Amino acid sequence: MADIEKASYQDGSKSDPALNADELANELKTEQEQRNVGTLERKLKSRHVQFMALSGAIGTGLFVGSGQVISLAGPLSAFLAYLITALNVYCVVHSLGEMATYMPLPGAVPVYAARYVDEALGFAVAWNYWWQIAIGVPIEVTISVVIVDYWPNAVPTAALITLFLFAMVLVNCLPVRVYGEAEFAFGAVKLTTIVGLILLMFIITLGGTPSGDRIGFRYWRDPGPMNEYLVPGALGRFLAFWKVFIQATFSYGGSEMVVIASGETENPRRNIPKAIRRVFWRIALFYVLAIFLVTLCVSSMDPRLLDAIRTSAPGAAASPFVIAIENGGIAVLPSVINAVVLSSAWSAGNSFFYASTRVLYSAALDGKAPPIFKYERWGVPYACVGATTLLSLLAYLTVSESGENVFFWFSNLSAVSTLIIWSSVCITYLRFYYGLRHHGISRDTLPYKAPLQPFLAYFALCFCVIVAFFNGFDAFFPGKFSAKTFVPPYIDVPIFIALVLGYKLVKGTRMVPLAEMDLWSGKAEVDRLEGTWPEPKPRNFLERVWFWIA
């Protein structure tokens, strides 16, 4: 099969112009059923992909988790941590995007790792990636419960968890187009809210509120731009700055969500690069600018900030944006913003739910997960939905433990898994890069060519490894060692290594030689579809604006 598709690549064959997109998609679906390689449908449009990427990346990390970062490290350290992590995300997303537009397959990352590096890496990445994304579901459900506590209520925690989780399961049991429309709606709300909050934080800073208090850089001067952690002085300020990189990583986790959907996206070679270019800059702009402005409006010593490291008192959690609005004396609006934050948390969890099922489904198709996970109907992998639902039941830990503590544990585990995945993406891309060169395939011929490669991949690989290795440094300070300080930062690393070595030992795999690298299987199907999708053209100024947004 790979030889046939290699020949197809070399002779430049494309789709049959006599067939439209739906007819050709049905023909390919029949071929996929006969080959038992999965039949997910390409029903996600450009607007779905754009807003799904926003929904996955903009959630509790920005609206709530940023409070923990500001509280621990101070305003300047928080701003720099988010800025530097944004640059790292840029490197990772563009590396992954080049591979995904060349070969848009369901699940993407584990399949590429198995093809271009080693089947053992593909196996370990598949399960770690599923875990890293799926754990985001109980994280978002947990923090949704914490957000609800902003309003006085007598609803049992277990009932709230059941309500939020049931809604996610229901949406993900319906055809993928329903999920796409839901995330489009939530993404539009998030986009509008972020823009509104950025403007509002700017107004609050200048004193344009009922309180009339002109803040400026007051909180950067007192209590200061950089807090201390563990030890006093310059070393303490550096340690606080370094400590929050893991939370910043958690906040940006999900930025690559758009690539996971490449196997269900219409015209992926147009829509995926478009989403990568635009969504990344929107996310980076929203995060960095929003974090900068909110640090001007809220003191890092405000006791209402979510700080699961220094306190676990129930009710200590609050969004820094809500706190800033309350401090400005603006009535009613804090409850409105809190409601939007709640919807954003649920939406992010819904995106994680979707992505985790597709990763597990892809792993099953590739032989890296039990065959039962290949079961699907109407384009929905229901066995994978069931697996993610079972893991999501971890959210019920909130019933017997404070939501802030559960959020800290889960977010730390998720962030370390994210660093492992991002490192694996960079390793995979470097193999892909040198594989193309070995086979004489010019990157100028690719549907999307990432800039500054392979230097971006090398930088991101080094950055992720260093942060993952040193993120639990505080566990080794005298009197600080405990399960809470040591297990979350490091448990994922030995598990990942054990998965790689265990698979190699059992299956006897080896690193894929450049000469044997499969750069063609699955590409012909996308080549045949390419050109059958109509190219949308704006008819007026409003449509040009809309096409830029979506």
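The shown structure was predicted, so the numbers you read here are calculated from the model rather than taken from an experiment.

Visitor: Just to check I follow, could you spell out the overall build of the protein chain for this structure?
Guide: Across its full length, the protein chain holds 25 helices and zero strands. Every one of the 550 residues in the protein chain was classed for burial, and the buried ones make up 60%. Across the protein chain, contacts joining residues at least 24 apart in sequence account for 83% of those joining residues at least 6 apart.

Visitor: Can you help me understand unusual backbone geometry in this one?
Guide: If a residue is not glycine, its phi is most likely negative; likewise, a peptide bond is most likely trans. Geometrically, the link from Asp222 to Pro223 is a cis peptide bond, its omega value of 20° lying close to zero. Of the consecutive residues Gln453 and Pro454, the connecting peptide bond is found in the cis state with omega at 5°. Tracing the backbone through its elements, the reader meets Pro454 in the loop between helix 20 (403-438) and helix 21 (455-470). Unusually for a residue other than glycine, Leu230 sits at a positive phi of about 75°. Along the polypeptide, Leu230 turns up in the loop between helix 12 (218-221) and helix 13 (233-243). The class of Leu230 is partly exposed, set by a relative accessible area of 30%.

Visitor: Would you mind going over the pattern of salt bridges with me for this structure?
Guide: Opposite charge on two side chains permits pairing when their charged atoms draw close. Under the definition given, this model contains seven salt bridges. Asp213 is paired through a salt bridge with Arg218; the nearest N and O atoms lie 2.5 Å apart. Asp474 serves as the salt-bridge partner of Lys243, at 3.0 Å between the closest nitrogen and oxygen. Of this pair, Lys243 sits in helix 13 while Asp474 is found in the loop between helix 21 and helix 22 (483-490), placing the two residues 231 residues apart along the sequence. Assigned by exposure class, Lys243 and Asp474 land together as buried.

Visitor: Looking at this model, I keep getting lost on the packing of helix 6 (residues 75-102) against helix 7 (residues 109-116). Mind explaining?
Guide: For any two helices packed against each other, the geometry is given by the interaxial angle and the distance between the axes. One can describe the packing of helix 6 onto helix 7 by two numbers: an axis separation of 11 Å at closest approach and a directional angle of 80°. For the element pair helix 6 / helix 7, the angle class is roughly perpendicular. Every residue of helix 7 that contacts helix 6 at Leu96, Met99 and Ala100 is listed here: Val109, Tyr112 and Tyr116. When grouped by side-chain class, the residues that make up the contact of helix 6 with helix 7 number six nonpolar, no polar and no charged.

Visitor: Can you help me understand the nonpolar core in this one?
Guide: Inside soluble globular proteins, nonpolar side chains tend to come together where they are buried. By size, the foremost hydrophobic cluster in this structure holds 154 residues, and its most contacted members are Tyr112, Tyr116, Met201, Phe432 and Leu519. If one sorts the elements of this core by residue count, helix 18 (residues 333-365) sits on top with 15 residues. Other than its neighbours up to four places away in sequence, Leu519 contacts Tyr102, Met103, Tyr116, Phe432, Gly435, Leu436, His439 and Ile441.

Visitor: I tried to follow the packing of helix 8 (residues 119-134) against helix 23 (residues 492-507) on my own but got confused; where do I start?
Guide: Running from N to C, helix 8 and helix 23 point in directions that differ by 145°, and their axes come no closer than 8 Å. For the crossing formed where helix 8 meets helix 23, the hand is right-handed. Between helix 8 and helix 23, the residues in contact are Glu119, Ala120, Leu121, Phe123, Ala124, Val125, Trp127, Asn128 and Trp131 and Asp492, Phe496, Leu499, Val500, Tyr503 and Lys504, respectively. Looking at the contact of helix 8 with helix 23 residue by residue, the classes come out as 11 nonpolar, one polar and three charged.

Visitor: Could you clarify how one ought to interpret helix 6 in this entry?
Guide: Since the α-helix advances by 3.6 residues per turn, residues separated by three or four positions end up pointing in the same direction. In a regular helix each residue adds 1.5 Å, so 28 residues correspond to 40 Å; helix 6 covers 41 Å between its end C-alpha atoms and thus fits that length. Among the 28 residues in helix 6, 23 count as buried, and that is most of the element.

Visitor: How do you make sense of the packing of aromatic side chains when you look at a structure like this?
Guide: For any pair of aromatic rings, the description rests on two quantities: the centre-to-centre distance and the angle between the ring planes. All told, the structure shown has 25 aromatic pairs when counted by the stated rule. Look at Tyr112 and Tyr116: their rings are 6.1 Å apart centre to centre, the planes differ by 10°, and that puts the pair in the stacked class. Within this pair, Tyr112 and its partner Tyr116 are both found in helix 7, separated by four residues, close to a single helical turn. The burial state of Tyr112 is the same as that of Tyr116; both residues are buried. Here Trp127 and Trp130 contribute two aromatic rings whose centre-to-centre distance is 5.9 Å and whose plane-to-plane angle is 80°, an arrangement assigned as edge-to-face. With Trp127 and Trp130 both in helix 8 and three residues apart, the pair spans about one turn of that helix. Judged by relative accessible area, which is 24%, Trp127 ranks as partly exposed. Members of the aromatic cluster, joined through ring pairs, are Tyr102, Tyr112, Tyr116, Tyr429, Phe432, Tyr433 and Tyr434. Sitting over the face of the ring of Tyr219, Arg218 holds its NZ or CZ atom 5.9 Å from the ring centroid. The cationic tip of Lys243 hangs over the ring face of Phe473; the distance from NZ or CZ to the ring centre is 5.9 Å.

Parameters and conventions
- Residues numbered from 1 in each chain as written.
- Predicted model: local features only at pLDDT ≥ 70, side-chain atom pairs only at ≥ 80, totals over all residues.
- Heavy atoms only, no water.
- Helix = DSSP H or I, 4+ residues; strand = E, 2+ residues; numbered from the N terminus.
- Buried < 20%, exposed > 50% of the residue type's maximum accessible area, 1.4 Å probe, protein only.
- Contact = heavy atoms within 4.5 Å.
- Salt bridge = Lys/Arg side-chain N within 4 Å of Asp/Glu carboxyl O.
- Axes fitted to C-alpha atoms, helices over the stretch in contact; angles between N-to-C directions.
- Parallel < 35°, antiparallel > 145°, perpendicular 65-115°, else oblique.
- Nonpolar A, V, L, I, M, F, W, Y, C, P; charged D, E, K, R; others polar.
- Core = buried A, V, L, I, M, F, W, Y, C linked by side-chain atoms within 4.5 Å.
- Left-handed = near helix turned anticlockwise from the far one by under 90°.
- Expected span 1.5 Å × (residues − 1).
- Phe/Tyr/Trp six-rings, centres within 6.5 Å; stacked < 30°, edge-to-face > 60°.
- Lys NZ or Arg CZ within 6 Å of the ring centre and 35° of its normal.

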